[in-house]
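So the chains spell out like this:
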Amino acid sequence: MSRDVLLKIEGLRIEGRSGDTWTEIVKGVDLTLHKGEVLGLIGESGAGKSTVGLAAMGFARDGCRITGGTIDFDGIDLRKASEKVKRDLKGARIAYVAQSAAASFNPAHRLIDQYCEAPVVHDVMSRDEAERDAIDLYRRMQLPDPDGIGFRYPHQVSGGQLQRAMTAMAMSCRPDLIIFDEPTTALDVTTQIEVLAAIRDIVRQFDTAAIYITHDLAVVAQAADRIKVLLRGEEVEEAETRRMLDAPREDYTKSLWAVRSFARPEQPAPSGQPILSVKDVTAAYGTVNVLEDVSFDIHAGRTVAVVGESGSGKSTTARVITGLLPPKRGEVLFEGSPLPPALKGRTREQLRQVQMIYQMADTALNPKLKLRELIGRPAQMYLGLQGRALTERVRDLLHLIELDPDTYIDRLPGELSGGQKQRIGIARALAAEPKLIICDEVTSALDQIVQEGILKLLDRLQREFGLAYMFITHDLATVRAIADDVVVMQRGRVIEQGPKAEMFAPPHEPYTELLLSSVPEMDPDWLTRLLAAREAGQTPATA
Amino acid sequence: MIALRLALGIGLLFIVSLIIFGATELLPGDLAQQILGQGATPETLAALREQLGLNDPAPVRYWNWLSGALTGDFGVSLSNGRPISELIGARLGNTVFLALYAAALAVPISLILGILAALWRNSIFDRAANAGALTAISFPEFFVAYILVLWLAQTGLFPSMVRINPTTTFGDRIYMTFLPALTLTLVVTAHMMRMTRAAIINLMASPYIEMARLKGLSPLRIVLRHALPNALAPIINVIALNLAYLITGVVVVEVVFVYPGLGQLMVDAVSNRDIAVVQAVALIFAGAYVALNLIADVLSTITNPRLMHRR
Amino acid sequence: MGFATSVLLGLAGLFALAWVLRAGARSILTGQSRSIANDIPLTAAFGLLVIAIYAAVAIAAPALAPFPEREIVGGQFQAWSAEHLLGTDRIGRDMLSRLIYGARNTVGIAFATTALAFVVGSILGLWAALTGGWLDQVLSRFVDALMSIPALIFSLLLLTIFGTSVLTLILVIAAVDATRVFRLARAVAQGIVVMDYIEAAKLRGEGAWFLIRREILPNAMAPLVAEFGLRFCFVFLTISSLSFLGLGIKPPTADWGSMVRDNATLITFGDVTPLLPAGCIALLTVAVNFVVDWQLHRASGLKES
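From a predicted model like this one, the values you see are computed outputs, not experimental measurements.

Definitions and limits used
- Residues numbered from 1 in each chain as written.
- Chains lettered and ligands numbered in written order.
- Predicted model: local features only at pLDDT ≥ 70, side-chain atom pairs only at ≥ 80, totals over all residues.
- Heavy atoms only, no water.
- Helix = DSSP H or I, 4+ residues; strand = E, 2+ residues; numbered from the N terminus.
- Buried < 20%, exposed > 50% of the residue type's maximum accessible area, 1.4 Å probe, protein only.
- Areas by Shrake-Rupley, 256 points an atom, 1.4 Å probe, with all protein chains shown as cover.
- Lys, Arg positive; Asp, Glu negative; His and termini not counted.
- Charge placed at Lys NZ, Arg CZ, Asp CG, Glu CD.
- Domains from an automatic or database assignment.
- Contact = heavy atoms within 4.5 Å.
- Buried area = accessible area lost by both parts, 1.4 Å probe.
- Salt bridge = Lys/Arg side-chain N within 4 Å of Asp/Glu carboxyl O.
- Polar contact = N/O pair within 3.5 Å; in protein donor to acceptor, adjacent residues only side chain to side chain.
- Nonpolar A, V, L, I, M, F, W, Y, C, P; charged D, E, K, R; others polar.
- Axes fitted to C-alpha atoms, helices over the stretch in contact; angles between N-to-C directions.
- Parallel < 35°, antiparallel > 145°, perpendicular 65-115°, else oblique.
- Left-handed = near helix turned anticlockwise from the far one by under 90°.
- Core = buried A, V, L, I, M, F, W, Y, C linked by side-chain atoms within 4.5 Å.
- Pairing = 2+ DSSP bridges.

This paragraph deals with the overall build of chain A. When helices and strands are counted, chain A shows 23 helices and 20 strands. Overall, the C-alpha framework of chain A stretches about 70 × 55 × 45 Å when taken along its three principal axes. Taking all 543 residues of chain A together, the buried fraction comes to 56%. If you sum the accessible surface of chain A, you get close to 21,800 Å²; carbon and sulfur atoms cover 48% of it. Across chain A, the centroid of the 66 positively charged side chains sits 4 Å from that of the 77 negatively charged ones.

Set out below in structure tokens:
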């Protein structure tokens, strides 16, 4: 990498406002980017990676201000440059691709109008040239119907396609630098591949430099030449991609890698009657069937992972089991006897046996109740505990989830971190002393290191109390870590099911194969290999 | 899409007319009793009932009332026996004139103030405009009106009572109606400005505005091309809501300035418990209110590509 | 304009007093109430002070008023004097005393009306949002239809039918206003009902009353309190307007709206006395609005962080 330096940031400091006080959120970050180079910027939430990315355009969001350091873009000092100079750069020489394309496209204009805006305003092309160029780029981005798609409005185009259209738009002036801010985070795994491949190709074709911001190491490994790891506004380490994957130096970086190494030991084969059986369940919202003939069993002490992408019906299955959505046909058996289909028909004892933990602990815990009441209520209701016995039980439960009772028992959920809140959700489920806990994407909203803590806790509790888990997730890495049995769902049907060992070994159903092969691996060559394999027809390329 | 909205609006108008008609069915006793008082003989009561068609079943009376109203025939006043359409006649025009006058002043002023306050958020201008608007909202209309009278009419600049008749020229009307129109403007502007400001601030926080800034567009282009098309729908709704608010405000203001409009007529009718007149005027006001909201609804549908271009 | 100057001086004095009290509260209070005192803007402190003064005057009206509420104690339209500080009204009652009693009558009636509207509207609104289904549909569509008639117009229609006593006034305005409260309470509750913690409580087998009391109400309180302030202002202005139109609270009961109406003729002679009751109305509404604005700002500010 002896090419010219394009962007050089030194000692960057940025403050963010909360209320009336300013706190530093970026604490002296250096960054060097050469022409045509792709830098991966990774870190967990709150690491300041998006803020750094925007600062590379000389931009700070409302409520943020750049307080120190220099930002030099190709000889222009972006901190001292006038608004006019910066405006001429933005969109023309530095472009931006946002996380949510659906929100970042203006709903009032057609895609192609928004494409043409930057080239015309910056005097790069005429409107006619820009339109022809747009269609050309849409084709290169492998969008369906490249001639017509630009004439649609944003709401008429799917999420993955919008993200590609936004990348094309960023490319419209052939900028020297593009900032990608979590461009694939909101997408399903199978869609993520397509967008990732399209982004990588277009950046290489035009030899554009890029900063690729993400929290997902495996994703960034596919596209980046170098990777920089941020933690709470400071750099942890930076290295060439292969070196970073093979030999991370810092403890924090190693811990990021280590998350995926957690694995639950193999369990003995199930025996006897299952705790819960879902039998031929068909369910509908209105007249549209969202589940068709879904059947599977859950045995005591085992974890069944239900896997699928958004819209596959995995959460709907949980709603049928809990009685929120009575099925049209079929039934749910608990220890061999059928559960009444609707919530209202179930006894308190039946309700107690099946508990639920939610994805977003923020919305799953009433923000106005203290932990004492949040955790105590199920124990009070189902087990009739009162007064001192109840307090003792709550304290025991807090111990179980590794929180100090003296400190936390009278706190509100708002005073806890994300991981702690999720632990409270677990304690609340445990308080009912159930046999089965449904975990609905419980780790999806958490940072990787916190995820691991939660998974380990769930595993320990399972062994301690012989619990059965139904684990709903879209993340196959999590499945690999904790599942005993796997159920793969697509469009409301069960595609394939069986013990984990069988499910992760070929042969697979085509959809399972697609799903498995789409999970990014910690290998810079993974995407190249996968695309080549799909090209050759060895693995399915679409659902 | 639009046809559906229109149909819904007409359905709503129908329901509103039902409510206004149905309310009289709640009268203790009936209309004839109401007119003649407790001392009436059974014979005169029966005769009046016959004359007013009170012996017909309610649906028939409703139909007669509504079909009459649609052709401009609202029946006769219970207190003086004159045809209600005659009472309403010129007054309707006067009220519409006053409302339009106030709207012509209020809409541009409040949109400009609201947009400026939003763009210069937290500036001195924004704070002052907000405090002023909050104060104006808090004042009863008659208070604003009398302050203006004390201030502008005492000095002889403008008349404190509006004496207009059909022969008054347009220029004189504008002059004589200035104080009532200004009163309404002050009250409505405050509301409209605050809502416009809120709508624009809400809009400027959206990711596509940030995207436009990151494309290097000029602030003017961002406002005109990216914010405005999306702001149309909320602004239209704000205008409609406040024009509808004028309908209420007009009642009090007309009384203060002795302005010969529908509001004045309605207040007199309520004092005399002249239910027939009250019903007629309420139907007109409510109809205007529903129509305004309907127009706003249709306009914001037209300006929303999500609704105009389905998937 | 000696009068305008003294009004401005009086307001400035109130602001100064509010500032002093806030400074005092900051030095005395501790803990959470201290942080509220630190955070409160001057306008809201002013609002709280004004509300407190009104409440005190309303409660202590008989002790404060120099003359009885309804008695004729002097000549008609007497000028301001040592005996009658604010002069006398159209039939010779003491203006100051009636102004003081007005705090009791006008504010009291408006408060009772708002409270009634609020209890009815918010209970129905929360219930509709929680239950959903046909009950919600029926109630909501009914309220939509009622709300498509402007509030003042609908009130006038109902007052024509039921007559204009104080009781019907309270009931009619409360009924009309309850529709607005219903809509807000339902919207607020709908935002809460979709939260997972409500689903969790339902799955636990909790009844509707527990859900409303422990899960929904604590989270709906902040917007509902702010709305109570706004609705109070609205009801207060509506009742004053109706009284001013001669359709609300009627003499001899001392009421600010009808006092303006009774003595309006003086205004054309440049006398400000009839504007005093209107000013009392305006001052209280401004005060409540300042407090509400602060509460709304606090609620939204907390959400952002």
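Right, picking up where we left off after that structure.
Turning next to the domain arrangement of chain B. For an interface, size is often stated in terms of accessible area lost upon the parts coming together. Residues and elements named next belong to chain B. Assigned domains of chain B: these are domain 1 (2–70) and domain 2 (89–308). Placing a centre on the C-alpha atoms of domain 1 and another on those of domain 2 gives a separation of 33 Å. On the side of domain 2, 13 residues touch domain 1, which itself brings 15 residues to the contact. Counting the surface lost from both domain 1 and domain 2, the interface buries some 1,400 Å², and carbon and sulfur atoms represent 78% of this. The largest share of the area that domain 1 buries against domain 2 comes from Ile2, Arg5 and Ile20, three residues that together contribute 38% of it. Our enumeration of links across domain 1 and domain 2 arrives at one salt bridge. Between Asp297 and Arg5 there is a salt bridge, and its shortest N-O distance comes to 3.2 Å.

For the rest of this paragraph, the subject is the pattern of salt bridges. Residues and elements named next belong to chain A. Tallied over the entire structure, the rule returns 55 salt bridges over all chains. Between Asp136 and Arg140 there is a salt bridge, with its nearest N and O atoms 3.2 Å apart. Residue Asp136 and its partner Arg140 are both found in helix H5 (residues 127–140); the two are separated by four residues, about one turn of the helix. In this structure Asp136 comes out as partly exposed when scored by relative accessible area, which is 28%. Assessed through its relative accessible area of 35%, Arg140 is described here as partly exposed. In this structure, the salt-bridge partner of Arg152 is Asp145, at a minimum N-O distance of 4.0 Å. Judged by relative accessible area, which is 42%, Asp145 ranks as partly exposed.

Each side of the interface is counted separately: chain C has 15 residues, and chain A has 21 residues. At the boundary of chain C with chain A, total buried surface from both sides reaches about 1,700 Å², with 57% on carbon and sulfur atoms. The three residues of chain C that bury the most area against chain A are C:Asp196, C:Leu203 and C:Arg204, which together make up 38% of that side's buried surface. Connecting chain C to chain A are three salt bridges. Summed over the shared surface of chain C and chain A, the number is 10 residue pairs in polar contact (both at pLDDT 80 or more). A total of seven residues in the side of chain C that touches chain A trace back to one element, the largest contributor, which is helix H9 (residues 196–204) of chain C. Tallied by class, the residues present in the side of chain C that touches chain A amount to six nonpolar, two polar and seven charged.

What follows deals with the interface of chain C and chain B. Chain C puts 39 residues into the contact, and the matching count from chain B is 47 residues. Taken together, the links from chain C to chain B amount to one salt bridge. Between B:Arg194 and C:Asp293 there is a salt bridge, and its shortest N-O distance comes to 3.4 Å. One can count five residue pairs in polar contact (both at pLDDT 80 or more) joining chain C with chain B. In the side of chain C that touches chain B, the residues fall into 27 nonpolar, 11 polar and one charged.

In an α-helix, one turn spans 3.6 residues, which is why side chains three or four residues apart end up on the same side. The buried fraction of helix H11 (residues 256–263) of chain C is high, at seven of eight residues. Of the residues that open H11(C), the one with a side-chain oxygen 3.1 Å from the backbone nitrogen of C:Gly257 is C:Asp255.

Bringing the packing of helix H11 (residues 219–256) of chain B against helix H13 (residues 275–302) of chain B into the picture now. All names here are of chain B. The contact between H11 and H13 brings their axes to 8 Å, and the two run at 170°. Taken together, the axis directions place H11 and H13 in an arrangement best described as roughly antiparallel. Contacts from Ala233, Ile236, Asn237, Ala240, Leu243, Ala244, Ile247, Val250 and Val251 in H11 reach Phe285, Ala288, Tyr289, Leu292, Asn293, Ala296, Leu299 and Ser300 in H13. Here the contact of H11 with H13 is built from residues that sort into 14 nonpolar, three polar and no charged.

Residues and elements named next belong to chain A. Partitioning chain A into structural domains gives domain 1 (35–50 + 82–257) and domain 2 (276–366 + 416–505). Using C-alpha coordinates to define each centre, domain 1 is positioned 35 Å away from domain 2. In this complex, domain 1 contributes nine residues to the contact, which on the side of domain 2 involves five residues. Between domain 1 and domain 2 the total buried area reaches about 710 Å² when both faces are included, carbon and sulfur atoms providing 39% of it. The interface formed by domain 1 and domain 2 holds zero salt bridges in total. If one sorts the elements of the side of domain 1 that touches domain 2 by residue count, helix H11 (residues 251–258) sits on top with three residues. By residue class, the composition of the side of domain 1 that touches domain 2 is three nonpolar, four polar and two charged.

Packing of helix H1 (residues 2–24) of chain B against helix H7 (residues 151–162) of chain C brings their axes to within 9 Å, and their N-to-C directions diverge by 20°. In this view, H1(B) runs roughly parallel relative to H7(C), as classed from their interaxial angle. Once H1(B) is placed against H7(C), the crossing between them reads as right-handed. Residues B:Ile19, B:Ile20, B:Ala23 and B:Thr24 of H1(B) pack against C:Phe154, C:Leu157 and C:Ile161 of H7(C). For the contact of H1(B) with H7(C), a count of residues per class yields six nonpolar, one polar and no charged.

Turning our eyes to something else, we now look at the nonpolar core. In terms of nonpolar packing, the biggest core is built from 156 residues, with B:Tyr146 and C:Trp256 touching the most fellow members. With 15 residues, the single largest contributor to this core is H11(B). Split by domain, this core shows at least three residues from each of two domains, domain 1 (2–70) and domain 2 (89–308) of chain B. Discounting residues that sit within four places of it in the chain, B:Tyr146 has contacts with B:Val256, C:Phe244, C:Val260, C:Ala264, C:Ile267 and C:Leu275.

This paragraph deals with the pairing of strand E19 (residues 485–490) of chain A. Residue and element names in this part refer to chain A. E19 sits mainly inside the fold: six of its six residues count as buried. Residues of E19 alternate between two faces, with Asp485, Val487 and Met489 on one and Val486, Val488 and Gln490 on the opposite face, all of them buried. Sheet analysis places strand E13 (residues 303–307) next to E19, joined by four bridges and oriented parallel. Within the sheet, the bridge partner assigned to Ala305 lies in E19 and is Val486. Where E19 folds back on strand E20 (residues 493–499), the antiparallel hairpin that results is connected by two residues, among which Arg491 adopts a positive phi of roughly 45°.

Below, the discussion takes up the sheet that holds E19(A). Residues and elements named next belong to chain A. Overall, mixed pairing links the six strands, which are arranged E16-E17-E18-E13-E19-E20 in an open sheet. Where the open sheet ends on each side, the last strands, each with one partner, are strand E16 (354–357) and E20. For this sheet, the mean angle separating the axes of adjacent strands, direction not counted, is 15°. Here E19 runs beside E20; their pairing, made up of six bridges, is antiparallel. If you follow Val486 over to E20, its bridge partner there is Gly498. Where helix H18 (residues 418–431) meets the sheet, its contacts fall on E16 and strand E17 (436–440), and the angle it forms with E16 comes to roughly 175°.

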